[in-house]
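Here is how the chains run, residue by residue.
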Amino acid sequence: MNKYLQDLIALSKYDTSISQFDPKIENQRAKLAVFVETAEALKVSINSVYLEIDELKSKRTKNNIHLAELKTKLDQIAKKNKEVTNEKELKALQLEEEIAKEQVSFANEEIERFDKLTVAKEDKLKELQEKLKTEEEDIKEVKVAVDNEIEAINKDRNIVYDKRNELLGQFDKKILTFYEKIKRWAKDTAVVPVKQQACYGCFMKINDKTYSEVIKGEEIVNCLHCGRILYKGEEETTATEA
Ligand SMILES: [Zn+2]
C-alpha cells in the first residue's frame, strides 16, 4: 500500500480515537453528577420537612396559648357564677362556659393532631437523613472510581497523542495539509474505508475505475461524490481486481 495512504489511515484513526476521549470523560462525570443531584434533591426535601415541623410546632404553641386564655376565661366564669343574681345571667354564663369548654376540647384535639403530624414528619426526616447519608457515602465511592477512570482515560489519550506526534514527525507536509482541509468539514471521517464498493463517508457507490484504484492502494484516491480519502475496507477482497 502507498506509504502516504498508510500514514493517512493511521493519522485518521488516532484523530478519531482522540475525539472519543472527551465524551468518555463526560460520561464519567455524568455518572457522578447523577449521585450529586440526588443528594441535592434530598437536602432540599430535608429542609422543607424541617420547615414543616417548625410550622407544626408554632401551631401547637398558638393552641397552648389559646388554652391558657380559655382557662383564665373559665376561671372568670366560675367566679361570676357565684355572683349571679338572676336566671337570665345564669343562662348567659352557662352558654359562655359551654362555648369555652368546646374550644378547650377543640384546642386539645388540635394539639394532639399536630403532635401526630410532627411525629410522622420527624420519621420522614430521619428516613431522608439516612438516605442522604447513604447517598453521600456512595458519592465518595463513585468519585474515587470516576477519578480513576478519568485518569486511565487521560493516560490512554496521552499514549495516542504521543503516537500521533511521532507519526506527524515524519509526515509529508503536503499530504497533511490535504488531510486537514478535508478534515475541516468531514471531521473524523476524512479517511474512510470502501465497503461493498461504497464510500463509507457518504455511502454512495463508487465507480469501477475508482474502486479498482482503491483496491490496488497504490495512489491516494478521493471519493468522487464527497471528496473523502478512500482505502480498502477489511471485508473488501481482491475479487473485483480480476
Ligand atoms: Zn464519499
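Residues numbered from 1 in each chain as written. Predicted model: local features only at pLDDT ≥ 70, side-chain atom pairs only at ≥ 80, totals over all residues. Heavy atoms only, no water.

Colleague: Just give me the short version of the pairing of strand β1 (residues 191-195), but keep the residues and values in it.
Modeller: The buried fraction of β1 is high, at four of five residues. Pairing between β1 and strand β4 (residues 229-232): four bridges, direction parallel. Looking at β4, one finds that Val-191 is bridged to Ile-229. Here two bridges tie β1 to strand β2 (residues 198-199), and the two strands are oriented antiparallel to one another. (Buried < 20%, exposed > 50% of the residue type's maximum accessible area, 1.4 Å probe, protein only. Helix = DSSP H or I, 4+ residues; strand = E, 2+ residues; numbered from the N terminus. Pairing = 2+ DSSP bridges.)

Colleague: Give me the coordination of the zinc ion: which residues, what numbers.
Modeller: Here the zinc ion is held by the protein donor atoms Cys-199 (SG), Cys-202 (SG), Cys-223 (SG) and Cys-226 (SG), which lie 2.2 to 2.3 Å from it. Around the zinc ion sit four donor atoms; with metal-centred angles ranging over 105 to 116°, the donor geometry is tetrahedral. Going along the chain, you hit the donors of the zinc ion in the pattern C-x2-C-x20-C-x2-C. Classification of Cys-223 as buried rests on a relative accessible area of 4%. (Donors = N, O, S within 2.8 Å, 3.2 Å for Na, K, Ca; no water. Tetrahedral: all angles 85-135°; square planar, octahedral: opposite > 155°, others 65-115°.)

Colleague: Could you give me a rundown of the side chain of Asn-2, with the residues and numbers involved?
Modeller: Structurally, the position occupied by Asn-2 is in the segment before α1 (3-19). With a relative accessible area of 18%, Asn-2 lands in the buried category. At 2.9 Å, the side chain of Asn-2 forms a polar contact with the backbone oxygen of Glu-218. Each residue touching Asn-2, except ones within four places of it in the same chain, is listed here: Gly-217, Glu-218, Glu-219 and Ile-220. (Polar contact = N/O pair within 3.5 Å; in protein donor to acceptor, adjacent residues only side chain to side chain. Contact = heavy atoms within 4.5 Å.)

Colleague: Can you lay out the pairing of β4 for me, pointing to particular residues and giving the numbers?
Modeller: Where strand β3 (residues 221-222) meets β4, two bridges bridge the pair, whose relative direction is antiparallel. Note that in β4 the partner of Asn-222 across the bridge is Ile-229. Counting the residues that bridge the hairpin from β3 to β4 gives six residues, and of these Gly-227 lies at a positive phi of roughly 90°.

Colleague: Describe the side chain of Gln-197, listing the residues and the values that go with them.
Modeller: With respect to the helices, strands and loops of the structure, Gln-197 is situated in the loop between β1 and β2. For Gln-197, a relative accessible area of 16% translates into the label buried. Side-chain polar atoms of Gln-197 contact the backbone oxygen of Ile-206, separated by 2.8 Å. Separated by 2.8 Å, the side chains of Gln-197 and Asp-208 make a polar contact.

Colleague: Please set out the environment of Tyr-14 residue by residue, giving values where relevant.
Modeller: Within the secondary structure layout, Tyr-14 lies in helix α1. You can call Tyr-14 partly exposed: its relative accessible area is 22%. For the pair Tyr-14 and Thr-61, spaced 47 residues apart in sequence, the C-alpha to C-alpha distance is 71 Å. Setting aside residues up to four positions removed in sequence, Tyr-14 forms contacts with Val-160, Lys-163, Arg-164 and Leu-167.

Colleague: Before we move on, can you summarise the sheet that holds β2 with the specific residues and values?
Modeller: Here four strands make up an open sheet; going across it, the order is β2-β1-β4-β3 and the pairing mixed. Among the strands making up the open sheet, the edge pair consists of β2 and β3. Each of β1, β3 and β4 is contacted by helix α4 (residues 173-186), which is oriented at about 105° to β4, the strand it contacts most. Along the sheet face, helix α5 (residues 208-216) touches β1, β3 and β4 and points at about 65° away from the line of β4. (Axes fitted to C-alpha atoms, helices over the stretch in contact; angles between N-to-C directions.)

Colleague: Before we move on, could you go through the environment of Ser-12 and cite the residues and values that matter?
Modeller: Structurally, Ser-12 can be placed in helix α1. Taking relative accessible area as the criterion, Ser-12 reaches 5% and is therefore assigned buried. Along the sequence, Ser-12 and Leu-93 sit 81 residues apart, while their C-alpha atoms lie 99 Å from each other. If we skip the residues at most four places from it in the chain, Ser-12 touches Tyr-179, Asp-188 and Val-191.

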